[in-house]
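# Inside the fold
Here are the chains, one letter per residue:
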Amino acid sequence: MAISGSCCLDTTTTARNQRCSRKNQNCSCRLLDLRTGQAQQRQQEVAHPQQCSRQRDLQTTSTTTSTESSDSGLETKTQKLNFSNEGVAECSPFCHASNGSIIINKGKISPVFLCFLLLFLISPSSPIFTFVVSSETGNNGTHQILHPGEELQKLKSIRERLNKINKPPVKTIQSPDGDVIDCVPSHQQPAFDHPQLKGQKPLDPPERPEGHSQASTAGSAEENFQAWRLSGESCPEGTIPIRRTSEEDMLRASSFRSFGKKLKGHVRRDTNSNGHEHAVGYVSGDQYYGAKASINVWAPSVANQYEFSLSQMWVISGSFGDDLNTIEAGWQVSPELYGDNYPRFFTYWTTDAYQATGCYNLLCSGFVQTNSRIAIGAAISPTSSYTGGQFDISLLIWKDPKHGNWWLEFGSGVLVGYWPSFLFTHLREHATMVQFGGETVNSRASGFHTATQMGSGHFAGEGFGKASYFRNLQVVDWDNNLIPLSNLKLLADHPNCYDIQGGINTVWGNYFYYGGPGRNIRCP
């Protein structure tokens, strides 16, 4: 059963004792049976001012946190939520502070918001309370004021977005790392929701650049480099594997509108990039039609949910104003986007400097996936270890001379898919800059530089087996030839936190080591 009303929150047949924050008053609440749709009235006497408690039988172990506020005279207890198969919500207690606010814990995510939905759908005439949503970010927790109507609209928007992202699968695979992989018919993937792609199917493979070797290279894996493939399952031909997006994924985002998107400051152009710090190698001043590199994979530590650490290639055109076009691919650790600290294979694109257009992976209409064995956004396994085995992935992005689309290849000859040329303005022709390297977010959440690591978490000077690297850096010229870089420039925003050192030899060609620990004695 679900409930409405401002103080009765007994929502299960086993939970019979619920007291709220009004003193010796009767309150009325309606209990809605989700199976029959019938509402029942219940009178309940409440006592114990400024306190909520519940005695209930739980099928699983709950954890409890307490928060006390001397200003509001409030004590709250928040329990984990669970949902039975019959659709009956066991809602977390809500407590009324002396200011009339209701305190909820955003960290418990979707079931809490479902409770809001039930409360205010059932009783639209209920008083309008102010909801204080607490984000669990340590000592620097943030609060935002949300009204019930806003929460209801947010839930509706999330559900609509999930329906667009998660397409009906023909097969579902449970990954050992907790991901759910849906095998979706290739012509039904999110890209084909785009007006210019509706009714179409993925294109045939393009002509590869000249000088591109399709022989396997030591240290690189092919299609079995992701954790979900360890299950032994695979998607049928004619389908593509898509990591399923959950409601929890969307609720972790700093805002609903920002889910699946980068913020400004993700391309290094000066020393002020809105908290984003880089250690990169780049070339510019020519026309580029693609780039290739092998990228060392690690699992760097990320200090909090709203920071990330990534290593990638950027193919760039336009100014660094609102018309910036980028195509990006690499690996990233992003607790906010994925809910864990695994390094994951990702793609990105934008045509307006990370404002309205573009997204990660397949979270919007854009990138067209053609491969049935690689899941973009899935975890990479194995990873490199300090003084141990080293693992890297080889990525090639290039512009198809015939159709003008930008293709992505993994490893040696494994096509992942393409970005249609019509998505772009400047990149419809060519790129004017290519960047390779690492990026972190420094939120200074504790008043100090972040301890989020870049690469291996060790400085470039430690070298192979200890520092992370990019090797065999190349670009594609106007005649579809892969050629070595000329005039590679290296740049680190804050070299005491993350640095970079480059070189060239006959085996690795152009290469560099990069990264660092973040906060340290030289980087306070």
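Residues numbered from 1 in each chain as written. Predicted model: local features only at pLDDT ≥ 70, side-chain atom pairs only at ≥ 80, totals over all residues. Heavy atoms only, no water.

### A word on the nonpolar core
- Counting 79 residues, the largest nonpolar core has Ile393, Trp419 and Phe436 as its most contacted members.
- For isoleucine 393, the residues in contact, after removing those within four places along its chain, are Phe225, Ala293, Ser294, Ile295, Val297, Trp331, Ile380 and Phe410.
- Grouped together as the second largest cluster of nonpolar side chains are 12 residues, Ala191, Leu415, Tyr418 and Val476 included. (Core = buried A, V, L, I, M, F, W, Y, C linked by side-chain atoms within 4.5 Å. Buried < 20%, exposed > 50% of the residue type's maximum accessible area, 1.4 Å probe, protein only. Contact = heavy atoms within 4.5 Å.)

### Digging into helix H2 (residues 148-165)
- A rise of 1.5 Å per residue sets the reference length of H2, with its 18 residues, at 26 Å; its end C-alpha atoms lie 26 Å apart and thus fit the reference within 8%.
- Every buried residue of H2 is accounted for by Pro148, Glu151, Leu152, Lys154, Leu155, Ser157, Ile158, Arg161, Leu162 and Ile165. (Helix = DSSP H or I, 4+ residues; strand = E, 2+ residues; numbered from the N terminus. Expected span 1.5 Å × (residues − 1).)

### As for the pattern of salt bridges
- Applying the stated criterion across every chain, the model contains 13 salt bridges.
- A salt bridge links arginine 208 to glutamate 409, with the shortest nitrogen-to-oxygen separation between them at 3.0 Å. One end of the pair, arginine 208, is in the loop between strand E15 (180-185) and strand E16 (239-243); the other, glutamate 409, is in strand E25 (residues 406-410), and 201 residues separate them in sequence.
- Look at arginine 208 and you get buried, because its relative accessible area is 19%.
- According to the relative accessible area criterion, glutamate 409 is buried, its value standing at 0%.
- Its salt-bridge partner being aspartate 392, residue arginine 471 comes within 2.9 Å of it at the nearest N-O pair. Within this pair, whereas arginine 471 is found in strand E28 (residues 468-476), its partner aspartate 392 is found in strand E24 (residues 392-399), the two being separated by 79 residues in sequence. With respect to burial, arginine 471 and aspartate 392 carry one shared label: buried.
- One network of salt bridges, with partners in common, ties together Asp179, Arg243, Asp249, Arg252, Asp340 and Arg344. (Salt bridge = Lys/Arg side-chain N within 4 Å of Asp/Glu carboxyl O.)

### Some thoughts on the side chain of aspartate 493
- Take aspartate 493: it is sitting in the loop between strand E30 (489-492) and strand E31 (499-505).
- Residue aspartate 493 is classed as buried on the basis of its relative accessible area, which comes to 8%.
- At 2.7 Å, the side chain of aspartate 493 and the backbone nitrogen of histidine 278 are in polar contact. (Polar contact = N/O pair within 3.5 Å; in protein donor to acceptor, adjacent residues only side chain to side chain.)

### A few points about the state of the cysteines
- Taken as a whole, this structure holds 3 disulfides when the rule is applied.
- With its sulfur 2.0 Å from that of its partner, cysteine 183 forms a disulfide with cysteine 235. A torsion of -80° about the S-S bond marks the disulfide between cysteine 183 and cysteine 235 as left-handed. With cysteine 183 in strand E15 and cysteine 235 in the loop between E15 and E16, this pair connects stretches of sequence that are 52 residues apart. One exposure class covers both cysteine 183 and cysteine 235, and it is buried. (Disulfide = S-S within 2.5 Å.)

### Comments concerning the pairing of strand E20 (residues 325-333)
- Among the 9 residues that make up E20, 9 are buried, leaving the element largely enclosed by the rest of the structure.
- Alternating residues of E20 divide into Asn325, Ile327, Ala329, Trp331 and Val333 and Thr326, Glu328, Gly330 and Gln332, and every residue in both groups is buried.
- Here strand E19 (residues 309-317) pairs with E20 via 9 bridges, running antiparallel. Within E20, the position partnered with valine 315 by the bridge is isoleucine 327.
- Taken together, the 7 bridges between E20 and strand E21 (residues 344-350) define a ladder with antiparallel strand orientation. By the bridge assignment for E21, threonine 326 is matched with threonine 350. (Pairing = 2+ DSSP bridges.)

### A few points about the sheet that holds E15
- Pairing within the open sheet is antiparallel, and its 3 strands lie in the order E14-E15-E16. Taken across any chain shown, the strands that pair with only one partner, and hence form the sheet edges, are strand E14 (171-174) and E16. In this sheet, neighbouring strand axes are inclined to one another by 25° on average, regardless of whether the strands run parallel or antiparallel.
- Where E14 lies against E15, 4 bridges are found, and the strand directions are antiparallel. Following the sheet pairing, glutamine 174 is matched in E15 by valine 180. (Axes fitted to C-alpha atoms, helices over the stretch in contact; angles between N-to-C directions.)

### Remarks on the confidence of the model for the protein
- Chain-level pLDDT for the protein is 77 on average; 68% of the residues reach the 70-or-more range.
- This stretch, residues 1-109, has a pLDDT under 50; its non-local contacts, to residues over four places away or in other chains, come to 233 contacts. (pLDDT = per-residue confidence, 0-100.)

### A closer look at the packing of aromatic side chains
- Per the counting criterion, the structure on display carries 20 aromatic pairs.
- For the pair phenylalanine 367 and tryptophan 419, a centre-to-centre distance of 4.7 Å together with 70° between the ring planes defines the contact as edge-to-face. Highlighted residues: phenylalanine 367 in the loop between strand E22 (359-360) and strand E23 (368-369) and tryptophan 419 in strand E26 (residues 414-419), separated in sequence by 52 residues. Like tryptophan 419, phenylalanine 367 is buried.
- One aromatic cluster is present, built from ring pairs that chain together Phe464, Tyr469, Trp508, Tyr511 and Tyr513.
- Between the NZ or CZ atom of arginine 229 and the centre of the ring of tryptophan 228, over which it lies, the distance is 5.5 Å.
- Just above the ring of phenylalanine 459 sits the side chain of arginine 522; from NZ or CZ to the centre is 5.3 Å. (Phe/Tyr/Trp six-rings, centres within 6.5 Å; stacked < 30°, edge-to-face > 60°. Lys NZ or Arg CZ within 6 Å of the ring centre and 35° of its normal.)

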